[in-house]
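Structure assessment
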Amino acid sequence: GDSVTQMEGPVTLSEEAFLTINCTYTATGYPSLFWYVQYPGEGLQLLLKATKADDKGSNKGFEATYRKETTSFHLEKGSVQVSDSAVYFCALSDHSSYKLIFGSGTRLLVRP
Amino acid sequence: KAGVTQTPRYLIKTRGQQVTLSCSPISGHRSVSWYQQTPGQGLQFLFEYFSETQRNKGNFPGRFSGRQFSNSRSEMNVSTLELGDSALYLCASSLEVGVGNEQYFGPGTRLTVT
């Protein structure tokens, strides 16, 4: 079945460092891809999405490009802030049922 | 526009009891999905409703059920609670059903079973 694999965390960075969180997927057909963020004690917030190959999703300085050839959707940010500390989830939208299938999440900790 | 609301936010129940959780979607959204989040299993899909009909169901036992009302509000019920049902239950709404449709999540209901 469809699945999403994320890099293990936690990822610890200093403020203003460059961020990459790796995400790869396995799916039949052409899924849509999403990044969600979860702050402590809260639900998930949609960060960005891409619906077809080579699409780039972007929001709040975060970017991810849908790479069909490598089945990847890596999240990047050029300069992280302490307020970016959270858990980030990569997800795909299953074509047959439209449910979201999530990766295991990657915790990001940004130090001042 | 108000976001997805879930009530209650926290709940403590005893093993064997049953529980009902409520979700109000964003105004105008007709699809509601439920997910269970646990440290061990991560985020898992429970079920999805659209126009009062359950369209999809995840791999959970029959103790987990749900419904959707004509105003799109949804409830999920868990009967005969087990310790392993302790989790954060998240509700998400979307305008329509489709692969690229964005799902917006509520803050969740934290269920603790003792």
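For the structure itself, look to the data block above.
The present account deals with the structure reproduced in this document. (Residues numbered from 1 in each chain as written. Chains lettered and ligands numbered in written order. Predicted model: local features only at pLDDT ≥ 70, side-chain atom pairs only at ≥ 80, totals over all residues. Heavy atoms only, no water.)

1. What to know about the overall build of chain B
For clarity, the threshold we go by: A run of H or I in DSSP counts as a helix once it spans at least four residues, and a run of E counts as a strand once it spans at least two, with each numbered from the N terminus. In this setup the radius of gyration rests on C-alpha atoms only. A globule is expected at 2.2 Å times the number of residues raised to 0.38. Every residue pair with non-hydrogen atoms within 4.5 Å of one another is taken to be in contact. Surface accessibility in these figures is a Shrake-Rupley result with a 1.4 Å probe; residues are shielded only by whichever protein chains are displayed.
Per the secondary structure count, chain B includes 0 helices and 11 strands. Each helix and strand of chain B, placed in order from N terminus to C terminus, yields the pattern β-β-β-β-β-β-β-β-β-β-β. Against the globule reference of 13 Å for 114 residues, chain B gives a C-alpha radius of gyration of 13 Å, in line with a compact fold. With the C-alpha coordinates aligned to their principal axes, the bounding extent of chain B is approximately 35 × 25 × 25 Å. A separation of at least 24 residues holds for 55% of the contacts in chain B among residues at least 6 apart in sequence. On chain B, roughly 5,300 Å² of surface is accessible, and the fraction owed to carbon and sulfur atoms is 47%.

2. Structural notes on the overall build of chain A
In plain terms, the rule: Each residue gets one of three labels from its accessible area relative to the maximum for its type: buried under 20%, exposed over 50%, partly exposed in between, using a 1.4 Å probe on protein chains only.
Helix and strand counts for chain A come out as 0 helices and 12 strands. Relative to the globule expectation of 13 Å for 112 residues, the C-alpha radius of gyration of chain A, 13 Å, shows essentially globular dimensions. In terms of principal-axis extent, the alpha carbons of chain A reach across some 45 × 30 × 20 Å. Sorting the 112 residues of chain A into buried and exposed places 47% on the buried side.

3. Concerning the interface of chain B and chain A
The line we're drawing: Here the buried area means the combined drop in accessible surface, using a 1.4 Å probe, for two parts upon being joined, counting both sides. We count a salt bridge whenever a side-chain nitrogen from Lys or Arg sits within 4 Å of a carboxyl oxygen from Asp or Glu. The term polar contact refers here to a pair of N or O atoms within 3.5 Å; inside protein, the definition further demands a hydrogen-donor-capable atom paired with an acceptor-capable atom, and it admits residues adjacent in sequence only when both atoms are side-chain atoms. Basically, the charged four are Asp, Glu, Lys and Arg, the nonpolar ten are Ala, Val, Leu, Ile, Met, Phe, Trp, Tyr, Cys and Pro, and anything else, Gly included, counts as polar.
Between chain B and chain A, the residue contacts involve 20 residues of the former and 22 residues of the latter. Summing both partners gives a buried area of about 1,600 Å² for chain B against chain A, and 60% of it is carried by carbon and sulfur. Linking chain B with chain A are 1 salt bridge. Of the charged contacts in the structure, one is a salt bridge between A:Lys49 and B:Glu102, with a shortest N-O distance of 3.3 Å. Taken together, the links from chain B to chain A amount to 4 residue pairs in polar contact (both at pLDDT 80 or more). Elements supplying a minimum of two residues to the side of chain B that touches chain A: strand 4 (31-38), strand 5 (42-50), strand 6 (53-57) and strand 9 (87-94) of chain B. Tallying contributions element by element places strand 5 of chain B first for the side of chain B that touches chain A, with 3 residues. Taken together, the residues of the side of chain B that touches chain A break down into 9 nonpolar, 7 polar and 4 charged.

4. Topic: the state of the cysteines
Residue and element names in this part refer to chain B. Keep this limit in mind: Disulfides are defined as pairs of cysteine sulfur atoms found within 2.5 Å of each other.
Within the structure shown, the criterion is met by 2 disulfides over all chains. Between the sulfur atoms of Cys23 and its disulfide partner Cys91 the distance amounts to 1.8 Å. One quick way to see it: the torsion about the S-S bond of Cys23 and Cys91 is about -55°, and its sign makes the bridge left-handed. Placement of Cys23 in strand 3 (residues 19-24) and of Cys91 in strand 9 is noted, with a sequence separation of 68 residues between them.

5. Quick notes on the pattern of salt bridges
Residues and elements named next belong to chain B. Within this structure, the stated rule accounts for 9 salt bridges over all chains. Put simply, Glu48 and Arg55 hold a salt bridge, and the shortest N to O gap is 3.9 Å. Here Glu48 falls in the buried class, since its relative accessible area comes to 4%. A salt bridge links Arg67 to Glu75; the shortest N-O distance between them is 3.3 Å. The class for Arg67 is partly exposed, based on a relative accessible area of 46%. The exposure class assigned to Glu75 is buried, which follows from its relative accessible area of 16%. One network of salt bridges, in which partners are shared, links Arg63, Glu82 and Asp85.

6. With respect to the pairing of strand 6 (residues 44-50) of chain A
All names here are of chain A. Under the convention used in this document: At least two DSSP bridges between two strands are needed for those strands to be called paired.
Pairing between strand 5 (residues 32-38) and strand 6: 6 bridges, direction antiparallel. Looking across to strand 6, one finds that Gln38 is bridged to Leu44. Count of turn residues in the strand 5/strand 6 antiparallel hairpin: 5 residues, of which Gly41 carries a positive phi of about 75°.

7. Considering the nonpolar core
This is how the line gets drawn: The definition of a nonpolar core used throughout is a set of buried Ala, Val, Leu, Ile, Met, Phe, Trp, Tyr and Cys residues joined through side-chain atoms within 4.5 Å.
Ranked by internal contacts, the top residues of the largest apolar core, which has 26 residues, are A:Leu19, A:Trp35, A:Leu48, A:Phe73, A:Leu75 and A:Tyr88. Secondary structure elements with two or more residues in this core: strand 2 (11-14), strand 3 (19-21), strand 4 (23-26), strand 5, strand 6, strand 8 (62-65), strand 10 (86-93) and strand 12 (106-111) of chain A. Of all the elements, strand 10 of chain A adds the most residues to this core, at 4 residues. Every residue in contact with A:Phe73, bar those within four places of it in the chain, is listed here: A:Cys23, A:Leu33, A:Phe34, A:Trp35, A:Leu48, A:Lys49, A:Ala50, A:Ala64, A:Thr65, A:Tyr66 and A:Cys90. Counting 21 residues, the second largest nonpolar core, distinct from the first, contains B:Leu21, B:Phe60, B:Tyr89 and B:Leu111.

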